Amino acid sequence: EGQLAQNPCQHIRRPRGESAPRHGLPLDKAQLVIETARGRSRSAHALIWLLTGAGLRVTEACKARIEDLQGTLLTVRVKGGGSQIKPLSKPVLEAVHAAIDGRTEGHIVLSQWQRPM
(Lines give C-alpha, C1' and ligand atoms only; values in the text may rest on other atoms or scores of the structure.)
Protein backbone atom coordinates (compact mmCIF):
# COMPACT_ATOMS: atom_id res chain seq x y z
CA GLU A 1 0.00 0.00 0.00
CA GLY A 2 3.05 2.26 -0.22
CA GLN A 3 3.35 2.82 3.56
CA LEU A 4 6.83 1.27 3.84
CA ALA A 5 9.83 1.65 1.59
CA GLN A 6 10.69 -2.04 1.92
CA ASN A 7 8.85 -5.30 2.71
CA PRO A 8 9.84 -6.32 6.28
CA CYS A 9 8.85 -9.96 5.57
CA GLN A 10 10.86 -10.24 2.38
CA HIS A 11 13.37 -12.78 3.78
CA ILE A 12 11.00 -14.80 5.95
CA ARG A 13 10.14 -18.26 4.69
CA ARG A 14 6.78 -19.86 5.34
CA PRO A 15 6.92 -22.93 7.58
CA ARG A 16 6.34 -26.21 5.80
CA GLY A 17 3.24 -27.99 6.97
CA GLU A 18 3.05 -31.70 7.49
CA SER A 19 1.59 -33.55 4.55
CA ALA A 20 -1.49 -35.64 5.13
CA PRO A 21 -0.78 -39.35 5.56
CA ARG A 22 -1.52 -41.40 2.47
CA HIS A 23 -3.61 -44.45 3.01
CA GLY A 24 -4.31 -46.90 0.26
CA LEU A 25 -7.43 -48.95 -0.13
CA PRO A 26 -7.25 -52.06 2.08
CA LEU A 27 -6.61 -55.25 0.10
CA ASP A 28 -10.00 -56.82 0.86
CA LYS A 29 -11.85 -53.69 -0.28
CA ALA A 30 -9.68 -53.39 -3.41
CA GLN A 31 -10.50 -57.00 -4.30
CA LEU A 32 -14.21 -56.31 -3.80
CA VAL A 33 -14.02 -53.26 -6.11
CA ILE A 34 -12.14 -55.29 -8.74
CA GLU A 35 -14.70 -58.11 -8.65
CA THR A 36 -17.60 -55.66 -8.81
CA ALA A 37 -16.02 -53.95 -11.84
CA ARG A 38 -15.49 -57.34 -13.51
CA GLY A 39 -19.24 -57.90 -13.39
CA ARG A 40 -19.94 -54.45 -14.81
CA SER A 41 -17.87 -54.39 -18.02
CA ARG A 42 -14.44 -55.20 -19.45
CA SER A 43 -13.63 -51.51 -19.60
CA ALA A 44 -14.62 -50.90 -15.96
CA HIS A 45 -12.57 -53.91 -14.94
CA ALA A 46 -9.52 -52.59 -16.83
CA LEU A 47 -10.01 -49.10 -15.37
CA ILE A 48 -10.06 -50.41 -11.80
CA TRP A 49 -6.98 -52.56 -12.43
CA LEU A 50 -5.13 -49.57 -13.94
CA LEU A 51 -5.97 -47.55 -10.83
CA THR A 52 -5.30 -50.19 -8.18
CA GLY A 53 -2.73 -52.41 -9.87
CA ALA A 54 -0.68 -49.89 -11.85
CA GLY A 55 -1.16 -46.88 -9.58
CA LEU A 56 -2.45 -44.58 -12.30
CA ARG A 57 -4.49 -41.48 -11.55
CA VAL A 58 -8.03 -41.45 -12.94
CA THR A 59 -7.13 -39.00 -15.72
CA GLU A 60 -4.04 -41.02 -16.67
CA ALA A 61 -6.06 -44.24 -16.86
CA CYS A 62 -8.88 -42.67 -18.86
CA LYS A 63 -6.47 -41.10 -21.35
CA ALA A 64 -4.29 -44.20 -21.74
CA ARG A 65 -4.11 -45.31 -25.36
CA ILE A 66 -3.57 -48.69 -26.97
CA GLU A 67 -0.76 -47.22 -29.07
CA ASP A 68 1.17 -46.46 -25.87
CA LEU A 69 1.17 -50.10 -24.78
CA GLN A 70 4.45 -51.87 -25.55
CA GLY A 71 4.50 -55.41 -24.18
CA THR A 72 4.12 -55.07 -20.42
CA LEU A 73 4.88 -51.32 -20.39
CA LEU A 74 2.40 -48.48 -20.76
CA THR A 75 3.52 -44.92 -21.42
CA VAL A 76 1.09 -42.52 -19.75
CA ARG A 77 0.75 -38.77 -19.84
CA VAL A 78 1.11 -37.57 -16.28
CA LYS A 79 0.16 -34.51 -14.31
CA GLY A 80 2.29 -31.59 -15.41
CA GLY A 81 2.40 -32.56 -19.09
CA GLY A 82 5.19 -35.14 -18.98
CA SER A 83 5.06 -38.86 -19.53
CA GLN A 84 6.07 -41.92 -17.55
CA ILE A 85 6.50 -45.56 -18.39
CA LYS A 86 4.47 -47.80 -16.07
CA PRO A 87 5.05 -51.54 -15.84
CA LEU A 88 1.84 -53.57 -15.87
CA SER A 89 1.47 -56.74 -13.83
CA LYS A 90 -0.11 -59.86 -15.30
CA PRO A 91 -3.63 -59.20 -13.85
CA VAL A 92 -3.56 -55.58 -15.08
CA LEU A 93 -2.38 -56.66 -18.51
CA GLU A 94 -5.05 -59.36 -18.77
CA ALA A 95 -7.79 -56.84 -17.90
CA VAL A 96 -6.37 -54.31 -20.39
CA HIS A 97 -6.22 -56.89 -23.21
CA ALA A 98 -9.80 -57.98 -22.46
CA ALA A 99 -10.92 -54.32 -22.66
CA ILE A 100 -9.01 -53.73 -25.89
CA ASP A 101 -10.67 -56.81 -27.43
CA GLY A 102 -8.49 -56.87 -30.55
CA ARG A 103 -8.53 -53.13 -31.23
CA THR A 104 -5.19 -51.65 -32.34
CA GLU A 105 -5.75 -47.96 -31.64
CA GLY A 106 -7.71 -45.60 -29.44
CA HIS A 107 -8.30 -45.35 -25.73
CA ILE A 108 -7.98 -48.46 -23.61
CA VAL A 109 -10.91 -47.55 -21.38
CA LEU A 110 -14.20 -46.81 -23.15
CA SER A 111 -17.63 -45.85 -21.85
CA GLN A 112 -20.70 -48.02 -22.40
CA TRP A 113 -21.24 -46.03 -25.63
CA GLN A 114 -17.75 -46.99 -26.85
CA ARG A 115 -16.41 -43.46 -26.39
CA PRO A 116 -13.38 -42.35 -24.34
CA MET A 117 -14.22 -41.66 -20.71
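Source: prediction; values computed, not measured.

Participant: Give a description of the overall build of the chain that names residues and reports values.
Facilitator: Across its full length, the chain holds four helices and three strands. Scanning the chain from its N terminus toward the C terminus, one meets helices and strands in the order α-α-α-β-β-β-α. Since a compact globule built from 117 residues should have a radius of gyration of about 13 Å, the 21 Å found for the chain marks it as more spread out than a globular shape. Dimensions of the chain along its principal axes, counting C-alpha atoms only, are 70 × 35 × 25 Å. Counting only residues that meet the buried cut, the chain has 32% of its 117 residues in that class. Considering only residue pairs separated by 6 or more positions, the chain has 48% of its internal contacts joining residues 24 or more positions apart.

Participant: Hey, could you go over the nonpolar core for me, with residue numbers and the actual values?
Facilitator: Core analysis: the largest hydrophobic core is formed by 27 residues, its most contacted members being Leu 50, Leu 74, Leu 88 and Ile 108. For this core, the secondary-structure elements that each account for two or more residues are α1 (27-40), α2 (42-52), α3 (58-63), β2 (73-77) and α4 (90-100). If near-sequence neighbours (up to four positions away) are discounted, Leu 74 is found in contact with Leu 50, Leu 56, Ala 64, Arg 65, Asp 68, Leu 69, Gln 84, Ile 85, Lys 86, Leu 88 and Ile 108.

Participant: Give a description of the side chain of Asp 68 that names residues and reports values.
Facilitator: Note on placement: Asp 68 falls in the loop between α3 and β1 (69-70). Among the residues examined, Asp 68 registers a relative accessible area of 15% and is labelled buried. Each residue touching Asp 68, except ones within four places of it in the same chain, is listed here: Leu 73, Leu 74, Thr 75 and Arg 77.

Participant: Can you break down the pattern of salt bridges residue by residue, with the values?
Facilitator: Under the definition given, this model contains five salt bridges. Here Asp 101 makes a salt bridge to Arg 42, at a shortest N to O gap of 3.3 Å. Within this pair, whereas Asp 101 is found in the segment after α4, its partner Arg 42 is found in helix α2, the two being separated by 59 residues in sequence. Salt-bridge contacts for Arg 57 lead to Glu 60; the nearest nitrogen and oxygen are separated by 3.5 Å. A relative accessible area of 6% means that Glu 60 is categorised as buried.

Participant: I'd like a description of the sheet that holds β1, backed by residues and values.
Facilitator: Strand order across the open sheet formed by three strands is β1-β2-β3, with antiparallel pairing between neighbours. In this open sheet, the two edge strands, each paired with only one partner strand, are β1 and β3 (83-87).

Participant: Got a sec to walk through the packing of α1 against α2? Specific residues and values, please.
Facilitator: Packed helix pairs are specified by the crossing angle of their axes together with the interaxial distance, meaning the distance between the axes. Between α1 and α2, the least distance of the axes is 7 Å, while the angle of their chain directions is 155°. Judged by the angle between their axes, α1 and α2 are roughly antiparallel. Facing α1, whose interface residues are Val 33, Ile 34, Ala 37, Arg 38 and Arg 40, α2 presents Ala 44, His 45, Ile 48, Trp 49 and Thr 52. Residue composition of the contact of α1 with α2, grouped by class: six nonpolar, two polar and two charged.

About the criteria used
- Residues numbered from 1 in each chain as written.
- Predicted model: local features only at pLDDT ≥ 70, side-chain atom pairs only at ≥ 80, totals over all residues.
- Heavy atoms only, no water.
- Helix = DSSP H or I, 4+ residues; strand = E, 2+ residues; numbered from the N terminus.
- Rg over C-alpha atoms; globule rule 2.2 N^0.38 Å.
- Buried < 20%, exposed > 50% of the residue type's maximum accessible area, 1.4 Å probe, protein only.
- Contact = heavy atoms within 4.5 Å.
- Core = buried A, V, L, I, M, F, W, Y, C linked by side-chain atoms within 4.5 Å.
- Salt bridge = Lys/Arg side-chain N within 4 Å of Asp/Glu carboxyl O.
- Pairing = 2+ DSSP bridges.
- Axes fitted to C-alpha atoms, helices over the stretch in contact; angles between N-to-C directions.
- Parallel < 35°, antiparallel > 145°, perpendicular 65-115°, else oblique.
- Nonpolar A, V, L, I, M, F, W, Y, C, P; charged D, E, K, R; others polar.

By themselves, these observations are geometric and do not establish any function.
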